[in-house]
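Residues per chain, in single letters:
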Amino acid sequence: MTAYDDQNIFARILRGEIPADKVAENDHALAFRDIRPQAQVHLLVIPKGAYVSYDDFAANASDAEIVGFNRLVGQVAKDQGLSLAEGGKGFRAITNAGEHGVQEVPHFHVHIMGGHNMGRMVSLL
Ligand code: AMP
C-alpha cells in the first residue's frame, strides 16, 4: 500500500491551506466542486481521514467514517437535483485508484458527475 502523502492537494484543502468551492460537509467528509469540471455538475466527495484510495478507505476506515462518507454522497446528489429518489435524472459516481486507475490526487475521492447524459462507460480494450 502506498503511504499517505499529507502534502497532497486534498489534504491541504482539508487543513484550510488552499481554498475550495465547498458545497457540503459533515463530521467525516467534505464535498466541493472539481476545479476542472468534466460535466455540468462535477463534484468531489472526500473523507476527512487520511486514506489514499477506495481500497484503503474500505479496509481501514471506521464504520462511522464509511457511513458518514456515503451519507454525504447521497446528500450532494439530492442537493444538486440528481437523486432519482427526488425526481432527478441520476448521475455517475467514479473513483480512480492508483496507476491503472489513473488517480491524480492520492487522497480517496469519489467524482459525482451529472446534469446531462454521461454517455457509455469508457473502454480502452
Ligand atoms: P483523479 O484523477 O480521480 O485523482 O481526479 C482528481 C481530480 O481533482 C481532477 O478531476 C482534478 O480536476 C481535481 N482537482 C485537482 N486539484 C483540485 C483543486 N484544488 N480543487 C478542486 N479539484 C481539484
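Please refer to the structure higher up on the page.
Quick caveat: nothing in here was measured; it's all calculated off a predicted structure.

Let us now look at the sheet that holds strand β1 (residues 22–25). Read across the sheet, five strands follow the order β1-β2-β3-β5-β4 without closing on themselves; strand pairing throughout is antiparallel. Single-partner strands in this sheet number two, and they are β1 and β4 (91–94). Between one strand axis and the next, the sheet turns through 20° on average, direction left out of account. Where β1 and strand β2 (residues 29–33) come together, three bridges link them in antiparallel fashion. Note that in β2 the partner of Glu 25 across the bridge is Leu 30.

For the ligand, the set of nearby residues contains 16 residues, the closest of which are Asp 34, Asn 96, Glu 104, His 109 and His 111. Here Val 102 contributes a backbone N or O atom positioned 3.3 Å from an oxygen atom of the ligand. Here an oxygen atom of the ligand and a backbone polar atom of Val 105 are 2.9 Å apart. Protein coverage of the free-state accessible area of the ligand, which is 510 Å², stands at 91%. With respect to the detected pockets, the ligand is housed in the largest pocket. Mapped by element, the contributors of at least two residues to the shell around the ligand are α1 (9–14) and β2. Ranked by residues supplied to the shell around the ligand, first place goes to α1 with three residues.

Conventions we followed
- Residues numbered from 1 in each chain as written.
- Predicted model: local features only at pLDDT ≥ 70, side-chain atom pairs only at ≥ 80, totals over all residues.
- Heavy atoms only, no water.
- Pairing = 2+ DSSP bridges.
- Helix = DSSP H or I, 4+ residues; strand = E, 2+ residues; numbered from the N terminus.
- Axes fitted to C-alpha atoms, helices over the stretch in contact; angles between N-to-C directions.
- Near = heavy atom within 4 Å.
- Polar contact = N/O pair within 3.5 Å; in protein donor to acceptor, adjacent residues only side chain to side chain.
- Areas by Shrake-Rupley, 256 points an atom, 1.4 Å probe, with all protein chains shown as cover.
- 1 Å grid on protein atoms, 1.4 Å probe; cavity = no way out; pocket = protein on both sides within 12 Å on 5 of 7 lines; lining within 4 Å.
- Sits in = over half its atoms within 2 Å of the grid points.

Read these as layout, nothing more, since geometry by itself doesn't imply function.
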